[in-house]
Amino acid sequence: MTAQTLDGKATAAAIKDELTVRVRALAERGVTPGLGTVLVGDDPGSHAYVGGKHRDCAQVGIASIRVDLPGDATQADIEAAIERLNADPACTGYIVQLPLPRGIDTNAVLEKIDPAKDADGLHPTNLGRLVLRVAEAVDSPLPCTPAGILELVRRHGLDLAGKDVVVLGRGTTVGRSIGLLLTRKDVNATVTLTHTGTRDVARHLREADVIVAAAGVPRFVTTDMVKPGAIVLDVGVSRIVDGDRTRLVGDVDPAVAEVAGWLSPNPGGVGPMTRAMLLANVVGAAERAAGIHASD
Ligand SMILES: Nc1nc2c(c(=O)[nH]1)N[C@@H](CN(C=O)c1ccc(C(=O)N[C@@H](CCC(=O)O)C(=O)O)cc1)CN2
């Protein structure tokens, strides 16, 4: 058996086409959405991701505002950049690329973001809305990777209701919040969050109908840990430098394709979906600011 592919690249392309139409409708009302990014330091991965976000913006007609700060920027420097984006009318939504350098208080930075401009859904107000289940009612932004995973699965016709999902990793951008989305009544999955303190991760994984691997450990998930036919989402990525070449290696051993029913490639799976959901959050925020609502 070879797993079917959860094609994030093609799915993200389709979402970008839909967003282009919504951006044109905003333009007719004189509104141009603008995505801001704050990038601190010279981490190659973060540079690649931010570059990709701005390329996506150009494709769909969203304006770009890029703030790059040196690796020795202080907490005050970063917070000052945030204040400027909060006040800039051309910036309708923005993100602070994570991780921030050691010594920076990430939570304090995230709290400074205007929740109405929070394109990552990581401000405590927006995460709180998700916890309190008011996120749908007020149409607030959702964390991009978890939202991208759900959209990827949904657009491949897969139903997670009643499924046992095991999430690997408890990081801010994926593990902490994906359970809140998966356990919403419209999804209805059952979620186990595993992490470095979990006693027997492999036992949990073997029982899972769905695995969300977001540990950032290269090829952690091997064939013996996967139930035949399971849906496997490979989220974590490690950049392996090999001479003058850099290889991207996911959390899932590619041989898992022989056992799983569905597998998202890495690259080409969840990464492009993360970027597509970011654009969706930016367009959604611009629409809300213009008085257009999802149900209109
Ligand atoms: N502020 C945030 N920081 C981080 C987030 C986030 O959602 N918000 N998530 C990750 C990184 N990330 C988004 O920023 C991200 C990861 C991967 C990709 C992507 O498109 N990957 C491509 C490969 C790109 C490459 O060549 O490196 C793929 O998987 O095909 C985009 C965004 C941590 N930080």
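Where an unreviewed UniProt entry is consulted, the protein chain appears under the name Bifunctional protein FolD, with the organism given as Flavimobilis marinus.

Draft legend 1. Geometry of the state of the cysteines. Applying the stated rule across the entire model yields 0 disulfides. Its sulfur unpaired, C91 is 10 Å from the next cysteine sulfur, which belongs to C57. C144 carries a free sulfur, and the closest cysteine sulfur to it, the one in C57, is 11 Å from it. Looking at C144, the relative accessible area reads 5%, which means it is buried.

Draft legend 2. Looking closely at the nonpolar core. With 46 residues, the main nonpolar core has I62, I149, L160, L182, V212, I231 and L233 as its most contacted residues. Elements with a contribution of two residues or more to this core: α1 (8-28), α2 (44-60), α7 (144-155), β5 (164-168), α8 (175-182), β7 (210-213), β8 (231-234) and α10 (270-289). Looking at this core, you find at least three residues from each of domain 1 (25-116) and domain 2 (142-271). With residues near it in sequence (within four places) discarded, V212 still touches I149, V165, V166, V167, L168, V174, I178, L233 and V235.

Draft legend 3. Summary view of the site of the ligand. In the region of the ligand, 16 residues are neighbours, and K53, V96, L98, D120 and G268 sit closest. Contact between the ligand and L98: a nitrogen atom at 2.9 Å from a main-chain N or O atom of the residue. Contact with the protein chains covers 81% of the free accessible surface of the ligand, which is 680 Å². At 4 residues, α10 tops the list of elements feeding residues into the shell around the ligand. Residue classes in the shell around the ligand are distributed as 7 nonpolar, 5 polar and 4 charged. In terms of domain composition, the shell around the ligand takes at least three residues from each of domain 1 (25-116) and domain 2 (142-271).

Draft legend 4. Structural context of the sheet that holds β5. One open sheet accounts for 6 strands, arranged β1-β11-β8-β7-β5-β6; its pairing is parallel. Since the sheet does not close on itself, it has two edges, and those belong to β1 (4-5) and β6 (190-194), each with one partner. As paired strands, β5 and β6 are joined by 5 bridges and run parallel to one another. If you follow D164 over to β6, its bridge partner there is T190.

Draft legend 5. Focus on the layout of surface pockets. As a volume, the second largest pocket reaches approximately 950 Å³. What lines the second largest pocket is a set of 32 residues, among which L142, A147, E151, R184 and M277 lie closest to the centre. When grouped by side-chain class, the residues that make up the lining of the second largest pocket number 16 nonpolar, 4 polar and 12 charged.

Draft legend 6. Geometry of α1. Here α1 is 21 residues long and its end C-alpha atoms lie 30 Å apart, about the 30 Å a rise of 1.5 Å per residue gives. Here α1 has its buried residues at G8, T11, A12, I15, K16, L19, T20, V23 and L26. N-capping of α1 is provided by D7, with a side-chain oxygen placed 3.1 Å from the backbone N of K9. Positive backbone phi, at 80°, marks G30, one or two positions downstream of α1.

Draft legend 7. Spatial organisation of α7. Here α7 is 12 residues long and its end C-alpha atoms lie 16 Å apart, about the 16 Å a rise of 1.5 Å per residue gives. Of all the 12 residues making up α7, 10 are buried; the element is thus mostly covered by neighbouring parts of the structure. Of all the positions in α7, only C144, T145, P146, A147, G148, I149, L150, E151, L152 and V153 are classed as buried. The inward-facing, buried residues of α7 contact α1, α8, β7, β8 and α10. Just downstream of α7 lies G157, where phi reads positive at about 75°.

Draft legend 8. Just the confidence of the model for the protein chain, in detail. For the protein chain, the mean per-residue pLDDT works out to 95, and 97% of the residues sit at or above 70. Interface confidence in the predicted complex, given as ipTM, is 0.97; pTM for the same model is 0.96.

Quick notes on the rules
- Residues numbered from 1 in each chain as written.
- Predicted model: local features only at pLDDT ≥ 70, side-chain atom pairs only at ≥ 80, totals over all residues.
- Heavy atoms only, no water.
- Disulfide = S-S within 2.5 Å.
- Buried < 20%, exposed > 50% of the residue type's maximum accessible area, 1.4 Å probe, protein only.
- Core = buried A, V, L, I, M, F, W, Y, C linked by side-chain atoms within 4.5 Å.
- Helix = DSSP H or I, 4+ residues; strand = E, 2+ residues; numbered from the N terminus.
- Domains from an automatic or database assignment.
- Contact = heavy atoms within 4.5 Å.
- Near = heavy atom within 4 Å.
- Polar contact = N/O pair within 3.5 Å; in protein donor to acceptor, adjacent residues only side chain to side chain.
- Areas by Shrake-Rupley, 256 points an atom, 1.4 Å probe, with all protein chains shown as cover.
- Nonpolar A, V, L, I, M, F, W, Y, C, P; charged D, E, K, R; others polar.
- Pairing = 2+ DSSP bridges.
- 1 Å grid on protein atoms, 1.4 Å probe; cavity = no way out; pocket = protein on both sides within 12 Å on 5 of 7 lines; lining within 4 Å.
- Points joined across faces, edges and corners; volume = space filled by probe spheres on them.
- Expected span 1.5 Å × (residues − 1).
- pLDDT = per-residue confidence, 0-100.

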